[in-house]
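Listed below are the residues making up each chain.
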Number of protein chains: 2
Amino acid sequence: MSTRKIYLESLPRDEALSRLLRALDQAGWGPQREVIPTDEALGRITCEPVRARISAPHYNAAAVDGIAVKASDTFGATETAPRILTIGEQAFWVDTGDPLPPGCDAVIMVEHVNLLDDGHHQGARCEILAPVAPWQDVRQIGEDVVATEILLPEGHVIRPQDLGALLAAGILEVPVVRRPRVTFIPTGTEIVEPKADPAEGEIIEFNSRVILSLVREWGGEPVRHPIVRDDYDLIRRAVREAVARSDIVIVNAGSSAGSEDYTVHVLKELGQVLAHGVAVRPGKPVMLGLIDGKPFVGLPGYPVSTWLTADLFVKPLVFRAQGLPVPERETVRASLARRITSPMGVEEFVRVKLGRVGERLVATPISRGAAVITSLVRADGLLVVPADREGIGEGTEVTVELLRPLRDIQETVVVIGSHDTSLDLMGSWLRRKGGYYLSSAHVGSQGGLLALKRGEAHMAGVHLLDTDTGECNTSYVRKYLGRPALLVLLARREQGFIVPKGNPKGIGSFRDLARPDVRFVNRQRGAGTRLLLDFHLRQEGISPEQVQGYRWELFTHLNVAQAVKAGDADTGLGIRSAAQALDLDFVPVAWEEYELCIPAELEEHPGVQAVLSLLRDPEFLKAVEALGGYDCSDSGRIRRV
Amino acid sequence: MSTRKIYLESLPRDEALSRLLRALDQAGWGPQREVIPTDEALGRITCEPVRARISAPHYNAAAVDGIAVKASDTFGATETAPRILTIGEQAFWVDTGDPLPPGCDAVIMVEHVNLLDDGHHQGARCEILAPVAPWQDVRQIGEDVVATEILLPEGHVIRPQDLGALLAAGILEVPVVRRPRVTFIPTGTEIVEPKADPAEGEIIEFNSRVILSLVREWGGEPVRHPIVRDDYDLIRRAVREAVARSDIVIVNAGSSAGSEDYTVHVLKELGQVLAHGVAVRPGKPVMLGLIDGKPFVGLPGYPVSTWLTADLFVKPLVFRAQGLPVPERETVRASLARRITSPMGVEEFVRVKLGRVGERLVATPISRGAAVITSLVRADGLLVVPADREGIGEGTEVTVELLRPLRDIQETVVVIGSHDTSLDLMGSWLRRKGGYYLSSAHVGSQGGLLALKRGEAHMAGVHLLDTDTGECNTSYVRKYLGRPALLVLLARREQGFIVPKGNPKGIGSFRDLARPDVRFVNRQRGAGTRLLLDFHLRQEGISPEQVQGYRWELFTHLNVAQAVKAGDADTGLGIRSAAQALDLDFVPVAWEEYELCIPAELEEHPGVQAVLSLLRDPEFLKAVEALGGYDCSDSGRIRRV
């Protein structure tokens with residue numbers, strides 16, 4: 001535990017990086033050369049022009065199967081005055097690739113050879129009906145490449161075909177840029193190696209795996225140091241050893257401020273701090289320095305911060321160490337689905353989902369939590385809010401750096417709305433059966449209809465009870481979407497109280513939620529399940545204030561179930577499949593219809609059609625029912641609103 | 001040697017492939033599953049949806065450094081009526097990532113804690129000036145992912161961030177698609193392992209290296225069988241073993257028709273021939289079959305054919321074995337620089353160079369020889385002439401599949417024209433110093449000016465003697481280009497007779513070329529060197545018929561030098577650096593000016609500017625002079641025509 005306060009700078013990103021690069025230039029840090037066998041050179045980068053050692057072909061070779069001749073022996077041959085050549089004297093059988101016999105300078109294809117005698121033996125005669133030119137059907141020495149010619153320029157990434165050319169030209173070893181060795185030192189007393197059953201307080205160390213995998217993709221040679229606990233001397237020793245053995249050293253701070261503190265002091269002792277604190281979010285506390293003329297990078301501990309700052313500060317080093325420019329990510333222009341706010345003076349990197357709905361590409365910001373690694377799994381792109389802006393307004397055209405191929409994004413059906421466990425399953429099936437990806441975001445039923453209205457999604461999952469009419473969904477679609485749409489039944493599903501095994505608090509009805517000994521966990525506003533709760537509370541005459549935990553909002557059924565599982569709540573309202581997934585008990589309250597709302601103009605979209613046929617696929621529906629609490633007998637039913 | 005005639009089919013490519021794929025489907029051939037450590041899963045493909053094993057975080061964790069409290073203890077706190085909490089009783093110091101102590105449900109950041117006593121010890125008191133909400137600054141269990149949730153869908157290529165998510169969710173092993181094992185059997189008695197000094201008739205085996213490198217890039221596991229000589233039993237045994245051990249078996253025919261013959265008979269004996277002969281060029285004699293329910297591919301021997309047919313027939317197998325669609329290459333539209341003719345009924349794959357000159361992307365066909373592996377090194381793209389067309393006209397808009405990133409192509413300066421040894425050197429220097437690529441094609445000086453006129457190039461290398469005026473280049477530029485241009489001197493260079501060491505035939509003047517004992521090798525029509533020859537022959541009153549070898553045309557100085565080196569010619573006219581490169585002797589004839597002709601409208605092009613500054617770089621000019629026969633004292637001189 002540390003409460004020492006570190007005052008971080010807030011350097012602009014470009015300035016921080018160029019301080020480091022300038023210092024490295026002065027220290028003479030850069031690409032190193034090594035000579036490796038050509039057989040192992042795939043993907044490596046030439047560090048100088050590579051010249052052919054021998055010519056290819058290295059002898060005059062028959063280019064076809066046939067007879068090798070001296071061209072001048074055939075001069076004057078015509079159909080009426082053929083030349084007769086004798087095998088073994090003026091004509092010699094050759095296969096493709098054979099060297100020309102001495103004195104020969106042309107080949108006549110076997111198809112054009114008229115044998116006068118039976119057989120191919122020495123002494124057999126053949127007639128030639130037309131003259132051949134010198135070097136006809138001969139691959140002359142150096143046709144492909146002449147010895148001393150430059151085969152590959154400097155800085156060339158060696159591809160499969162290049163290996164062929166190198167070997168053809170007699171080059172068995174190639175001078176290439178040595179892969180820069182990058183050592184990653186994870187630090188933190190609370191950090192443990194990956195395990196399936198970590199104890200409370202143990203934090204699984206996976207940043208090294210993520211960052212070193214990136215290093216490998218960038219062309220570096222990753223080296224992982226074992227975890228070092230928060231101890232100044234141990235960290236210093238690890239850093240010193242790593243600097244001696246590597247081209248780039250990364251220390252990952254762990255998640256405590258304490259260990260970061262050690263890192264900066266180690267850097268001060270062993271080398272020079274060039275930047276500590278950069279005006280980027282997430283990732284501010286990044287640290288850049290120089291030890292023995294080599295770059296040192298201290299990466300912050302939260303995984304999204306680690307990933308982003310490695311991308312911003314380690315990637316340029318790995319490429320510079322190979323003499324290569326940093327490859328730019330492909331970018332697209334998209335329309336921002338929701339306003340983003342961001343503090344002045346900080347460059348903020350926002351992860352977004354992208355969806356092609358109609359002609360528009362729409363970027364929807366996702367979780368901004370620096371600790372949420374799955375947000376990087378789900379992200380399609382990165383959007384930068386510049387330091388001099390406080391935010392970006394809804395509907396603004398923005399530039400998004402792609403983290404996923406545009407083609408895949410275009411083949412994605414976007415579902416925004418209520419959370420349902422079966423959507424994950426649908427994603428896998430849709431990929432396999434229909435060739436489409438499914439992207440789902442859980443913002444509640446009302447949020448889904450609004451996203452649909454704004455053109456951000458192809459469909460919205462909705463289950464909204466009209467408490468006036470007792471009807472489901474239709475009145476809400478009219479109200480929030482306001483244009484013709486299809487309502488397609490995904491399934492009927494059972495809502496109820498998710499409770500611990502054995503229902504220890506004996507939850508049986510909505511009245512129990514008002515009991516002082518019952519801690520409830522709620523869903524967010526706009527969720528269909530929240531509406532269901534409010535409807536029943538009103539019916540029972542219970543006010544929200546009477547429900548302990550009414551204001552504790554979670555975004556998915558599974559999160560609610562998890563809160564019950566963990567003992568943080570005694571119950572929550574949710575679907576049976578969530579209770580079943582976490583091995584909890586379930587007190588049913590009502591069946592409801594979970595429908596997909598699809599704007600009529602998108603009905604013919606092939607991805608939408610793929611979803612519709614999945615909803616008529618008995619195999620898929622069986623898999624949904626196996627989740628528990630689903631009735632798929634009417635799945636695929638279409639209502640037009 | 002074999003003269004047995006094999007009659008090949010000429011199946012359309014799609015039909016051949018779908019025959020094979022149908023047969024494989026019937027045989028139940030497809031992706032195989034294996035479970036591997038998550039640490040080794042980068043780039044692998046999930047073969048089923050992967051669900052979280054534990055929630056992440058797996059306990060309620062402090063999201064900041066500060067004190068953990070029970071939120072309800074702070075309710076009602078204000079600046080005027082603060083709540084006092086005692087460390088160790090109602091408040092507990094926590095670092096980021098620490099579990100919440102029992103009973104706590106919120107964290108107050110250290111910056112907002114007012115310590116009333118000195119120090120952090122048990123019993124110290126702190127005051128709270130505002131209430132905190134439950135779960136404030138707490139990472140709740142499952143915030144990132146809830147146990148049982150689908151983390152990665154089926155068919156997902158695992159990226160660095162996915163590894164992080166998997167490990168965070170307690171997943172130490174992942175079910176993935178097993179890499180399909182692809183065995184490549186090189187056959188041919190004349191084939192040898194790569195060596196630096198192959199004997200005449202020995203053919204270096206590099207196809208296996210090229211194709212297995214592709215297999216690796218496509219996600220397969222490459223296995224190379226040692227070379228098998230042309231022997232039916234040996235080939236049969238190798239195939240049988242490979243089928244038992246692999247998912248896909250490739251036999252490479254070597255370059256002789258004989259071995260191909262063995263291959264098809266082996267396939268007939270062990271399995272079933274599905275296609276032998278496909279209507280593609282190059283690569284017609286490809287062979288597809290099935291042995292023990294596994295695919296067998298016989299690839300033709302010429303390296304470009306091997307590469308192309310592997311792309312057409314092996315790639316789809318490797319991807320299908322991973323449950324993935326074949327990735328499509330990026331395509332661009334370009335204007336065809338020269339007419340291509342192609343036989344009806346055959347799909348022809350033409351390698352092209354691409355150049356962005358002004359607004360146009362221009363595709364220039366390069367060598368169509370199936371044996372020229374360097375044509376694949378040089379190619380920027382592939383252009384398909386469909387089977388139902390006899391060719392494509394000059395200037396036609398065509399679709400080109402990219403073999404090189406478009407960005408690199410756009411950063412390429414295109415030089416078409418006369419061959420000069422220093423252009424290779426310029427390529428390397430331009431890349432390093434100016435950040436541009438150089439693409440050079442050798443079509444002679446006149447050809448270069450015509451390419452410039454058609455907008456295919458940024459500059460043309462020219463050395464054209466006006467035999468009327470004795471002046472160099474200017475009159476030709478006016479005549480062939482016909483618009484304002486710059487003529488920039490690259491260097492003065494020495495032309496002369498390239499002769500074997502010691503000049504055994506005593507070549508001393510153009511008159512010697514008419515001697516009956518002198519075999520000459522010429523350059524192609526349109527080459528400046530050819531014009532120089534013709535000028536001198538005319539002056540000497542020698543007719544071309546008197547020169548033995550006048551009609552033997554090679555395209556570069558180095559190829560001419562190589563012909564002399566090999567003893568196929570006694571002399572040829574060329575530049576000193578070519579003689580020097582191959583350690584030959586040189587009889588000087590004349591100094592000439594080799595200039596780069598640049599259309600005036602391209603003068604400001606940054607790549608052109610990069611070339612111009614290179615021509616003023618003393619270091620570069622020194623390197624050019626070191627090639628031999630160059631005088632760079634006026635290099636960079638600009639004349640406007």
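Each value, and the rule that gives it
- Residues numbered from 1 in each chain as written.
- Chains lettered and ligands numbered in written order.
- Predicted model: local features only at pLDDT ≥ 70, side-chain atom pairs only at ≥ 80, totals over all residues.
- Heavy atoms only, no water.
- Least-squares fit on C-alpha atoms with pLDDT ≥ 70 in both.
- Contact = heavy atoms within 4.5 Å.
- Helix = DSSP H or I, 4+ residues; strand = E, 2+ residues; numbered from the N terminus.
- Buried < 20%, exposed > 50% of the residue type's maximum accessible area, 1.4 Å probe, protein only.
- Pairing = 2+ DSSP bridges.
- Axes fitted to C-alpha atoms, helices over the stretch in contact; angles between N-to-C directions.
- Parallel < 35°, antiparallel > 145°, perpendicular 65-115°, else oblique.
- Left-handed = near helix turned anticlockwise from the far one by under 90°.
- Nonpolar A, V, L, I, M, F, W, Y, C, P; charged D, E, K, R; others polar.
- Domains from an automatic or database assignment.
- Core = buried A, V, L, I, M, F, W, Y, C linked by side-chain atoms within 4.5 Å.

### Focus: the relation of the copies chain A and chain B
Between the two copies, chain A and chain B, the superposition gives an RMSD of 0.0 Å; the rotation angle is 180° and the shift along the axis is 0.0 Å. The transformation relating the two chain copies, once decomposed into turn and shift, fits a two-fold axis. Both copies present the same face, since 100% of the interface residues in chain A are matched by interface residues at the equivalent positions in chain B.

### So, unusual backbone geometry
Residues and elements named next belong to chain A. In the segment running from Ala56 into Pro57, the intervening peptide bond is cis, with an omega of -10°. You will see that Asp137, though not glycine, has its phi angle at about 50°, which is positive. By the element assignment, Asp137 lies in the loop between strand E9 (125-128) and strand E10 (138-139). Classification of Asp137 by relative accessible area gives partly exposed; the value is 27%.

### Side note on the pairing of strand E24 (residues 347-357) of chain B
Residues and elements named next belong to chain B. By the criterion of burial, E24 is predominantly enclosed, with ten of the eleven residues buried. As judged from the two bridges shared by strand E19 (residues 280-281) and E24, these two strands associate in the parallel manner. By the bridge assignment, Val280 is partnered in E24 with Glu347. Two strands pair when backbone bridges link them, and E24 and strand E26 (residues 381-385) are joined in this way by five bridges, in the antiparallel orientation. Note that in E26 the partner of Glu348 across the bridge is Val385. Following E24, the chain reverses through two residues before pairing antiparallel with strand E25 (residues 360-365); Gly358 in that reversal takes a positive phi of roughly 65°.

### Here's the deal with the packing of helix H10 (residues 444-453) of chain A against helix H11 (residues 474-481) of chain A
Residues and elements named next belong to chain A. With their axes 9 Å apart at the nearest point, H10 and H11 run at an angle of 45° to one another. With respect to H11, the axis of H10 lies oblique. Considering how the two elements wind past one another, H10 and H11 form a crossing that is right-handed. On the side of H10, the interface is formed by Gln446, Leu449, Leu450, Leu452 and Lys453, while H11 contributes Tyr476, Val477, Tyr480 and Leu481. Tallied by class, residues from the contact of H10 with H11 come to seven nonpolar, one polar and one charged.

### What about the domain arrangement of chain A?
In terms of domain boundaries, chain A breaks down into domain 1 (13-30 + 180-320), domain 2 (33-57 + 143-177), domain 3 (61-139), domain 4 (331-404) and domain 5 (439-640). Measuring from the centre of the C-alpha atoms in domain 2 of chain A to the corresponding centre in domain 5 of chain A gives 62 Å.

### Digging into the nonpolar core
Counting residues in each nonpolar core, the largest one holds 72 residues, and the members touching the most others are Leu299 of chain A together with Leu151 of chain B. When residues of this core are assigned to their parent elements, the largest contribution, ten residues, is made by helix H6 (residues 303-320) of chain A. Apart from residues lying up to four places away in sequence, Leu299 of chain A is in contact with Phe184, Ile211, Ile250, Val251, Asn252, Ala253, Val286, Thr306, Thr309, Ala310 and Val314 of chain A. In this structure, Trp29, Leu274, Ala321 and Ala379 of chain B belong to the second largest nonpolar core, which totals 69 residues.

### Section: the environment of Leu42 of chain B
Looking at the secondary structure, you find Leu42 of chain B in the loop between strand E1 (33-37) and strand E2 (50-51). The buried category is assigned to Leu42 of chain B, whose relative accessible area is 19%. Separated by 111 residues in sequence, Leu42 of chain B and Pro153 of chain B have C-alpha atoms that sit 15 Å apart. Setting aside residues no more than four positions away along its own chain, Leu42 of chain B makes contact with Ser213, Arg216 and Glu217 of chain A together with Ile158, Arg159, Pro160 and Leu163 of chain B.

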